[in-house]
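Commentary on secondary and tertiary structure
In case you want the letters, here they are:
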Amino acid sequence: MWRLHRAAVACEVCQSLVKHSSGIKGSLPLQKLHLVSRSIYHSHHPTLKLQRPQFRTSFHQFSSLTNLPLRKLKLSPIKYGYQPRRNFWPARLAARLLKLRYLILGSAVGGGYTAKKTFDQWKDMIPDLSDYKWIVPDIVWEIDEYIDLEKIRKALPNSEDLAKLAPDFDKIVESLSLLKDFFTTGSPGETAFRATDHGSESDKHYRKVTDKEKIDQLQEELLHTQLKYQRILERLEKENKELRKLVLQKDDKGIHHRKLKKSLIDMYSEVLDVLSDYDASYNTQDHLPRVVVVGDQSAGKTSVLEMIAQARIFPRGSGEMMTRSPVKVTLSEGPHHVALFKDSSREFDLTKEEDLAALRHEIELRMRKNVKEGCTVSPETISLNVKGPGLQRMVLVDLPGVINTVTSGMAPDTKETIFSISKAYMQNPNAIILCIQDGSVDAERSIVTDLVSQMDPHGRRTIFVLTKVDLAEKNVASPSRIQQIIEGKLFPMKALGYFAVVTGKGNSSESIEAIREYEEEFFQNSKLLKTSMLKAHQVTTRNLSLAVSDCFWKMVRESVEQQADSFKATRFNLETEWKNNYPRLRELDRNELFEKAKNEILDEVISLSQVTPKHWEEILQQSLWERVSTHVIENIYLPAAQTMNSGTFNTTVDIKLKQWTDKQLPNKAVEVAWETLQEEFSRFMTEPKGKEHDDIFDKLKEAVKEESIKRHKWNDFAEDSLRVIQHNALEDRSISDKQQWDAAIYFMEEALQARLKDTENAIENMIGPDWKKRWLYWKNRTQEQFVHNETKNELEKMLKCNEEHPAYLASDEITTVRKNLESRGVEVDPSLIKDTWHQVYRRHFLKTALNHCNLCRRGFYYYQRHFVDSELECNDVVLFWRIQRMLAITANTLRQQLTNTEVRRLEKNVKEVLEDFAEDSEKKVKLLTGKRVQLAEDLKKVREIQEKLDAFIEALHQEK
């Protein structure tokens, strides 16, 4: 028993020496250390794989007390002072026991010193983990503030249970008992060496077994403790989420009667929205941080983003490209889990499946709308805000998946376009790259890792995420390959952190909660975590979102003030350029210029209603006569004038007027009125306003005029009412006074003179220049003109012989003319004779009609007597009076319709067009152009960005 007592005392001395010689300043209970810190301070932690230093000796002796190498024992026989052996064995036994005591104490002291030295070497070999502290969420470092570690310490095994893990002292006593043979049989040296060798082999085997068991037991305990902490964290987060939801709901209902400030992430998202619309004309690039989600197609980018947003918000497809344009998702806290677009006020309730389906459909429609014809993807960004309790605040941009091959149905440049979009976002030096890699496929097939390594070769802003780890663990033969992927040893790219997540079982109908439960269950039972290939903080999307959010805000705080300074410099440059180029003009951007042009256009439309009735009737009557004069002369007057008596003339005129009124005249009148309205509207829109005229509005006014006229439709019932009025006006033949008679003669003379002038021009073009022009201007006739001239002279001779010749030539007359010309050596065709006769007779008839007008100036007296017993008949004057009166009545009717109806309808159309143009930003950019507009637009954008950045920085400092 005294041997056991002395051995126990020696163990206590050794343990106290080891404790006091460890070299650690101050000590903390193991239960109160953080997970990573415990792995540093605990020498048997499964996550810390350090090799013991090897000693170059023939064999090693190990103590089961400390598991550290001891000094080699050399028991040599005494070469001097040797005396013959005596049988006084009690004295020899006491001496041996005293020697054994000093041997044990010396070994303990030496072992303690060796343990201290070995521990210092191990401590120097441990890397400095302070630079990677951000990877572990802050809540884990501050876990003692949220969790009562004292309770957890009490729940852990007590000292008695831990004592069971200590070395087996019975085994030590058994080993010491072997020394008894040293004192009883054989020589001292041989017995000592034999006992030492036997004990060494037995102790080595026993220690090997116990080390493995202890490591396995500690790993199991560590895993269970981590899972216990994780469950406690989840419970606390859930309770915190519910409490924050209640507080926000109370604030929404106005219980505290205070106005809630805009959240920090919403302010930052507004800055990014303004920047996305800003055209950087002065090399002011957008370097504000955002999380850029990139990966190969179908690698799980969208699924990871949905897990972070805690909702199935994106369209899904089996293998086909669904993300066709970048989607900016702003995550923020709120009492309700909702989503809304930047340009819409509708909120989608993400807790309802109907709203989720509607949101996915709306995102798909917006993507297809952004993609232009002939393209597959678009660089235009869709901005979406997602709010909900417990969401990590950050801004993520989901990019189209990188492809290796362009398939059928895609544009030929799809691959290059996706690469250019990805590079445009990743080349931002402050953008955080979330690189998504599919763990279920071979790592060598990845394309995105090469692209990311080009954009961030040092990995200072890249976070690597391995998805579908459950499939990878099932399919990969060597689990260490997954560890190599997570540690970045299989790729040329470097990263700040590496994470492994599970995004579901591949069923698109799975809920986010079901996926999260499946993910946690997988990692609880995963060999990757049990064998320490993965650390606890490297798994689950929850830890990923915490790490990404911390990195995002760290990057924001480091770069936002620098970006604000760059925009201040840009604003100064723009203001200076404006003062130098446009010192007397206001800085009106495109929207303000459009409002100014809108007011001018509405004023001009209102001035259209102020046109006098007299002006309307004059221009309408003149325009209508220009439109119908040819028909009146050619189809009504000339055929009727060929008759032999007045009765036949009046009958022919009445029939032709009736046919004309029923079919053509009302339609012609409406067309004339509509064209007149357009001409007046154009005149008001385009005429210069003097010094106040701004030519920057000309394109906009022209576009508004064309679109308004295009939309305007004349009232269909106008023709029916107008037909009745025109028919009644033409039926009236009674000229009441001499003034009307003279006006009709004047109207007739003007019409006939205009026709005579046109006829003479036609004859001149037919026969060529006369002798004066030939002598003065050195012009000659062509052969065809010569033939026409000879034919004209021959036909004029015939008319002189018979001035009352009818309008048509007889066949024998055509033959006579042709033979007369042939006798003079002029070959002529009968059709040429008829064409020449038409112009010659027309001129002869018009001259005769004009002479008749002069005779009828004194014929009003005979008209009142109905031309009884009178050789002077002026029925043609009455015809032109009827035409003139019909034109005046029609012009008056059209003027009333214009002023009472059509002008107002046109004004309404103009307002609708202006409203449509106001909502169409592309139309405004197209119609309001120029350096002045662009400079004012840039200046407004830069001011807005700077103001929002300043407000954001102030709020950021207040939160800090």
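As the structure is a prediction and not an experimental result, all values here were calculated from the model.

**Notes on the packing of aromatic side chains**
- Counted by the stated rule, this structure contains 14 aromatic pairs.
- Between Tyr-637 and Phe-845, the ring centres sit 5.8 Å apart and the planes meet at 55°, which makes this aromatic pair tilted. Taken together, the positions of Tyr-637 in helix H22 (residues 613-641) and Phe-845 in helix H31 (residues 830-856) put the pair 208 residues apart, joining distant regions of the chain.
- Here Tyr-637 falls in the buried class, since its relative accessible area comes to 2%.
- For Phe-845, a relative accessible area of 12% corresponds to the buried category.
- Cluster of aromatic residues (ring-pair linked, three or more members): Trp-625, Tyr-637, Phe-747, Phe-845 and Phe-880.
- Residue placement shows Arg-366 over the ring face of Phe-341; its charged tip is 4.0 Å from the ring centre.

**As for the environment of Leu-677**
- Along the chain, Leu-677 turns up in helix H24 (residues 665-686).
- Classification of Leu-677 as buried rests on a relative accessible area of 0%.
- Sequence spacing of Leu-677 and Glu-902 is 225 residues, and the spatial spacing of their C-alpha atoms is 8.5 Å.
- Every residue in contact with Leu-677, bar those within four places of it in the chain, is listed here: Leu-608, Trp-616, Leu-898, Glu-902, Val-903 and Leu-906.

**A look at the side chain of Lys-792**
- Note that Lys-792 resides in helix H29 (residues 783-801).
- Polar contacts involving the side chain of Lys-792 include one to the side chain of Asn-793, which spans 3.4 Å.
- The contact partners of Lys-792, leaving out residues within four places of it in the chain, are Ile-763, Ile-767, Thr-836, Val-840 and Arg-843.

**Thoughts on the pattern of salt bridges**
- Applying the stated criterion to the full structure yields 40 salt bridges.
- Put simply, Glu-937 and Arg-590 hold a salt bridge, and the shortest N to O gap is 3.9 Å. Of this pair, Glu-937 sits in helix H35 (residues 931-959) while Arg-590 sits in helix H21 (residues 590-608), and the two are 347 residues apart along the sequence.
- The exposure class assigned to Arg-590 is buried, which follows from its relative accessible area of 8%.
- Across the pair Arg-723 and Asp-720 runs a salt bridge whose closest N-O atoms are separated by 3.3 Å. Of the two residues, Arg-723 and Asp-720 are both situated in helix H26 (residues 718-731); the distance of three residues between them amounts to about one turn of the helix.
- The network of salt bridges with shared partners includes Arg-571, Glu-575, Glu-587 and Arg-943.

**So, the UniProt feature "coiled-coil region" (unreviewed entry) in the protein**
- In the numbering used here, UniProt assigns the "coiled-coil region" (unreviewed entry) feature to residues 215-253 and 896-923.
- Within the segment residues 896-923, helix and strand shares are 96% and 0% respectively, and the terminal C-alpha atoms sit 36 Å apart.

**Focus: the nonpolar core**
- Core analysis: the largest hydrophobic core is formed by 101 residues, its most contacted members being Tyr-637, Trp-660, Trp-741 and Ile-883.
- For this core, the leading source of residues is helix H33 (residues 875-919), giving 17 residues.
- Formed by 69 residues, the second largest nonpolar core is a distinct cluster that contains Leu-264, Tyr-268, Leu-288 and Phe-499.

**Remarks on H22**
- Between its terminal C-alpha atoms H22 stretches only 36 Å, short of the 42 Å expected from 29 residues at 1.5 Å a residue.
- In H22, a bend of some 50° at Val-628 exceeds every other bend along the element.

**Remarks on the sheet that holds strand E7 (residues 432-438)**
- The nine strands are arranged E4-E3-E5-E2-E6-E1-E7-E8-E9 in an open sheet whose pairing can be described as mixed. Of all the strands in the sheet, the pair left with one neighbour each is strand E4 (348-349) and strand E9 (497-500).
- In the sheet, strand E3 (residues 338-341) pairs with strand E5 (residues 382-387) via four bridges, with the strands oriented antiparallel. Each residue of the ladder has a partner; that of Ala-339, found in E5, is Val-386.

**Considering the packing of helix H14 (residues 414-426) against helix H15 (residues 448-455)**
- The interhelical angle for the contact between H14 and H15, taken along N-to-C directions, is 40°, at an axis separation of 10 Å. Judged by the twist between their axes, the crossing of H14 over H15 is right-handed. Residue-level contacts link Phe-419, Ser-422, Lys-423 and Met-426 of H14 to Leu-451, Val-452, Gln-454 and Met-455 of H15.

**Some details on the confidence of the model for the protein**
- In this model, the protein carries a mean pLDDT of 76, and residues with pLDDT of at least 70 account for 72%.
- The least confident element of the protein, judged by mean pLDDT, is helix H2 (residues 35-41) at 35; the most confident is strand E1 (residues 291-295) at 92.
- Below pLDDT 50 for its whole length, residues 1-86 participates in 104 contacts with residues either more than four positions away or in separate chains.
- In this model residues 253-260 is a low-confidence stretch, pLDDT under 50, and it forms five contacts with partners more than four residues away in sequence or in other chains.

**Some thoughts on unusual backbone geometry**
- With a phi close to 65°, Ser-298 is a non-glycine residue in the positive phi region.
- Structurally, Ser-298 is set in the loop between E1 and helix H12 (301-309).
- Positive phi outside glycine occurs at Lys-468, with the angle close to 55°.
- By relative accessible area, Lys-468 is classed as partly exposed at 21%.

**A look at the pairing of E1**
- E1 sits mainly inside the fold: five of its five residues count as buried.
- Neither face of E1 is left uncovered, since the one carrying Val-291, Val-293 and Gly-295 and the one carrying Val-292 and Val-294 both have all their residues buried.
- Sheet analysis places E1 next to strand E6 (residues 394-398), joined by three bridges and oriented parallel. Counterpart to Val-291 in the pairing with E6 is Leu-396.
- Looking at chain direction, E1 and E7 are connected through five bridges and run parallel. When the sheet's bridge partners are listed, Gly-295 is paired in E7 with Ile-436.

What counts, and where the lines are drawn
- Residues numbered from 1 in each chain as written.
- Predicted model: local features only at pLDDT ≥ 70, side-chain atom pairs only at ≥ 80, totals over all residues.
- Heavy atoms only, no water.
- Phe/Tyr/Trp six-rings, centres within 6.5 Å; stacked < 30°, edge-to-face > 60°.
- Helix = DSSP H or I, 4+ residues; strand = E, 2+ residues; numbered from the N terminus.
- Buried < 20%, exposed > 50% of the residue type's maximum accessible area, 1.4 Å probe, protein only.
- Lys NZ or Arg CZ within 6 Å of the ring centre and 35° of its normal.
- Contact = heavy atoms within 4.5 Å.
- Polar contact = N/O pair within 3.5 Å; in protein donor to acceptor, adjacent residues only side chain to side chain.
- Salt bridge = Lys/Arg side-chain N within 4 Å of Asp/Glu carboxyl O.
- UniProt positions renumbered as here; feature names shortened; annotations may be inferred.
- Core = buried A, V, L, I, M, F, W, Y, C linked by side-chain atoms within 4.5 Å.
- Expected span 1.5 Å × (residues − 1).
- Bend = angle between axes of the 7 residues up to and from the residue.
- Pairing = 2+ DSSP bridges.
- Axes fitted to C-alpha atoms, helices over the stretch in contact; angles between N-to-C directions.
- Left-handed = near helix turned anticlockwise from the far one by under 90°.
- pLDDT = per-residue confidence, 0-100.

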